[in-house]
Number of protein chains: 2
Amino acid sequence: MKIGFVLFPQVTQLDFTGPLQVLHRLPGAETSIIAETPAPLPSDCGLDLVPTHTFETAPALDMICVPGGGGVAPALSNPALIDFIREQGSSADYVSSVCTGAFLLGRAGLLEGKKATTHWAYTRLLDKVGAIYTPGRVVRDGNRFTGGGVTAGIDFALTIAAEISGDLVARSIQLAIEYDPDPPFRSGHPDVAGPDHVARMKSAVYDRNAQMMSEALDA
Amino acid sequence: MKIGFVLFPQVTQLDFTGPLQVLHRLPGAETSIIAETPAPLPSDCGLDLVPTHTFETAPALDMICVPGGGGVAPALSNPALIDFIREQGSSADYVSSVCTGAFLLGRAGLLEGKKATTHWAYTRLLDKVGAIYTPGRVVRDGNRFTGGGVTAGIDFALTIAAEISGDLVARSIQLAIEYDPDPPFRSGHPDVAGPDHVARMKSAVYDRNAQMMSEALDA
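The structure displayed is predicted, hence computed values, not measured ones.

## Remarks on the pattern of salt bridges
If charged atoms from side chains of opposite charge come close, those side chains can pair.
Residues and elements named next belong to chain A.
Here is step 1: Taken as a whole, this structure holds twelve salt bridges over all chains when the rule is applied.
Here is step 2: A salt bridge links E30 to K2, with the shortest nitrogen-to-oxygen separation between them at 3.0 Å. One end of the pair, E30, is in strand β2 (residues 30-35); the other, K2, is in strand β1 (residues 2-6), and 28 residues separate them in sequence.
Here is step 3: Given a relative accessible area of 46%, E30 falls into the partly exposed group.
Here is step 4: Residue classification places K2 among the partly exposed positions, given a relative accessible area of 28%.

## A look at the sheet that holds strand β5 (residues 53-54) of chain A
All names here are of chain A.
Here is step 1: Taken in spatial order, the seven strands of this open sheet run β5-β2-β1-β6-β7-β11-β10, and their pairing is mixed. At either end of the open sheet lies a strand with only one pairing partner, and these are β5 and β10 (138-141).
Here is step 2: Bridging between β1 and β2 involves five bridges; their strand directions are parallel. Following the sheet pairing, G4 is matched in β2 by S32.
Here is step 3: Relative to the sheet, helix α1 (residues 13-23) contacts β1, β2, β6 (63-66) and β7 (94-98), its axis offset from that of β1 by approximately 170°.

## Regarding the relation of the copies chain B and chain A
One copy of the chain maps onto the second through a rotation around an axis plus a translation along that axis.
Here is step 1: By a simple turn and slide, chain B fits onto chain A: the slide is 0.0 Å along the axis, the RMSD is 0.0 Å, and the turn is 180°. Put plainly, the chains are arranged around a two-fold axis. For chain B, the minimum C-alpha distance to the rotation axis belongs to B:L49 and amounts to 2.9 Å.
Here is step 2: Counting the interface residues of chain B, we find that 100% of their copies in chain A are interface residues as well, pointing to one common contact surface.

## Digging into the sheet that holds strand β4 (residues 48-50) of chain B
Here is step 1: Spatial strand order, β3(A)-β4(A)-β4(B)-β3(B): four strands in an open sheet with antiparallel pairing. Taken across any chain shown, the strands that pair with only one partner, and hence form the sheet edges, are β3 (41-42) of chain A together with β3 (41-42) of chain B.
Here is step 2: Relative to β4(B), strand β4 (residues 48-50) of chain A runs antiparallel, the two being bridged by three bridges. Within β4(B), the residue paired with A:D48 across the bridge is B:V50.

## Quick word on the packing of α1(A) against helix α1 (residues 13-23) of chain B
Here is step 1: Where α1(A) meets α1(B), the axes come as close as 10 Å, and the angle between the chain directions of the two elements is 155°. In terms of orientation, α1(A) and α1(B) fall into the roughly antiparallel class. Between α1(A) and α1(B) lies a crossing of left-handed hand. Residues A:Q13, A:L14, A:T17, A:G18, A:L20 and A:Q21 of α1(A) lie in contact with α1(B), whose contacting residues are B:Q13, B:L14, B:T17, B:G18, B:L20 and B:Q21.
Here is step 2: Looking at side-chain class alone, the contact of α1(A) with α1(B) contains four nonpolar, eight polar and no charged residues.

## Some points on helix α5 (residues 152-165) of chain A
Residue and element names in this part refer to chain A.
Here is step 1: The end-to-end C-alpha distance of α5 is 20 Å, a good match for the 20 Å that 14 residues give at a rise of 1.5 Å each.
Here is step 2: Most of α5 is tucked away: ten of the 14 residues are buried.
Here is step 3: Residues of α5 that are buried: A152, G153, I154, D155, F156, A157, L158, I160, A161 and A162.
Here is step 4: One or two residues past the end of α5 sits G166, with phi positive at roughly 95°.

Criteria and cut-off values
- By convention here, each chain's residues receive numbers from 1 onward along its written sequence.
- Here the convention is simple: chains get letters from A, ligands get numbers from 1, in the order in which they are written.
- Local features are withheld for residues below a pLDDT of 70 in this predicted model, meaning they are given only at 70 or higher, and side-chain atom pairs are given and counted only at 80 or more; totals for whole chains, interfaces and linings count all residues.
- By convention in this description, side-chain values take in all heavy atoms of the structure and omit both hydrogens and water.
- By definition, a salt bridge exists where a carboxyl oxygen of Asp or Glu is found within 4 Å of a side-chain nitrogen of Lys or Arg.
- A run of DSSP states H or I qualifies as a helix once it reaches four residues; a run of E qualifies as a strand once it reaches two. Both are numbered from the N-terminal end.
- With a 1.4 Å probe rolled over the protein chains alone, any residue whose accessible area is under 20% of its type maximum counts as buried; one over 50% counts as exposed, and the rest are partly exposed.
- Only when DSSP finds a minimum of two bridges between them are two strands counted as paired.
- Here a residue-residue contact requires only that any non-hydrogen atoms of the pair lie within 4.5 Å.
- Fitted lines through C-alpha atoms give the axes, limited to the stretch in contact for helices. The angle between two N-to-C directions lies from 0 to 180 degrees.
- In superposing the copies, a least-squares fit is computed on C-alpha atoms, taking residues whose pLDDT is at least 70 in both.
- Angles are sorted into four bins: roughly parallel if under 35 degrees, roughly antiparallel if over 145, roughly perpendicular if 65 to 115, and oblique for all others.
- Note on convention: the crossing is left-handed when the near helix lies turned anticlockwise from the far helix by less than a right angle, right-handed when the turn is clockwise.
- Residues were grouped as follows: Ala, Val, Leu, Ile, Met, Phe, Trp, Tyr, Cys and Pro as nonpolar; Asp, Glu, Lys and Arg as charged; and all remaining residues, including Gly, as polar.
- Here the expected span of a helix is defined as 1.5 Å times the quantity of residues minus one.

Next up, the structure:
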C-alpha cells in the first residue's frame, strides 16, 4: 500500500502531519512525502518539511493525499504539481485531500461531479472545480475522500484506515494516538462558534483569503 | 513570547506538530524548533523535521514544550538534552510536555512534586520522576502543563493559548483549524476502548514499551 502526500511551499503542516501520523501505522503501508524538488519545504508554521521523493522519483501510488494551506492558491498555477496529481490520482485506488487541498485535486480534474468538502471558509468555492459541496467532516464519494479544515485530517485518516484495514486496526491506531478529544471550547466550526465570532474571523482573515482563492481558481 | 519545542530523534511528530500549529498563531509568538544539532531529525513517521536552532543558538524561552515518542527512552540518557531542558525550564514562564515528553521534563527535575499526565500506557511510571499522576487530557500544576498522548497536544495547546492570550484568541485558533472533532470510533482512551482491546494493545506493544521506559528511567 503506497501512500503519497503531495506537498508544496506554505502547506498547513497539520493538514499533512495529522493524517501521516495515522496512515503511517497501517499494516503494510509505505508513506512517501512528495514535492517538486528534494529541498526542505517551508510550511506555514516555521517548520520545514523534508520530502522523501520528487515528482520524478515517486512510486506509483495506491493512495494520494493532498493537504491544503496558504500555498494552495499559488500552487493552482503550478503545472508540474497539477500534472503530478492528475496522473497519480487517475490510477490511485484512493484519491484524497484535507482542507483546501481539495482545490488542487479539483484543478487536476479529480473532483468533477463528486461530492466533496474543504475548510469551512472555502466550501462555496468547490463548485468552481466541478465538485458538489457536501457538509461533513469527512466526505466520501466512491474512492474520493475529502476532509474539512486542518484537524479534520485526523478523523479523515481514521476513516480511511478503517476502510483500508478494517475497524480493529483503525480503533487500535486511535487508542495509540490517544484520540479522545476534549476541546476546551465549542468553537471549531461555524455551526457552533456563534455568528458574531464567525463574522469577525471572516472579516479579519477569510473574506480576503477566499477572494484570493477564488481569483486563483478563475485564473 | 518565545516558545521553544525541544526535539530528538524518533519523536512522535504529531506530539509536536499539533501544538506547533496552535501556538505558532498566538499573537506575538516566536516559535523555535530546537535540537542538539542543526541536522534534520528523523521522526517516527518517515518525516524528517528541520530544527531552527540548536541548544547553543536557542533564545531564552518563555515557554518550553517537550514532545514524546519512541525516542524518549534513549534521550533520557543524553546529558546535553536533559541539561538544556533543565536550564531553560528553570527560567521559562511555562514548562510543558505532551505524551511521554513528561519523562524528559521529569528527568530534568521539573516535575518533582507536581501533578502531571502522559500517554495512557505510561502513567504509572510518572512517580519515577517524582510527579503525581493526575487523570486528565491536560493537567496543570502552577506553570507546569502536561498533555496526554499524541493528539492530546491539540487540546493542551488550546488550553495554553487561552491562558496566555485569552479565550477569544484560543477560540479563534480553534475555529481556524476547524477543531470540531468527530472521531469515527470511541476508542481513544482505555476508559472507552474496552478492556479486551486495551489488553490486546498492551500485550502487542505497550507492555514492552513501558518496560523499556521503566528501565531507562531506572538507569
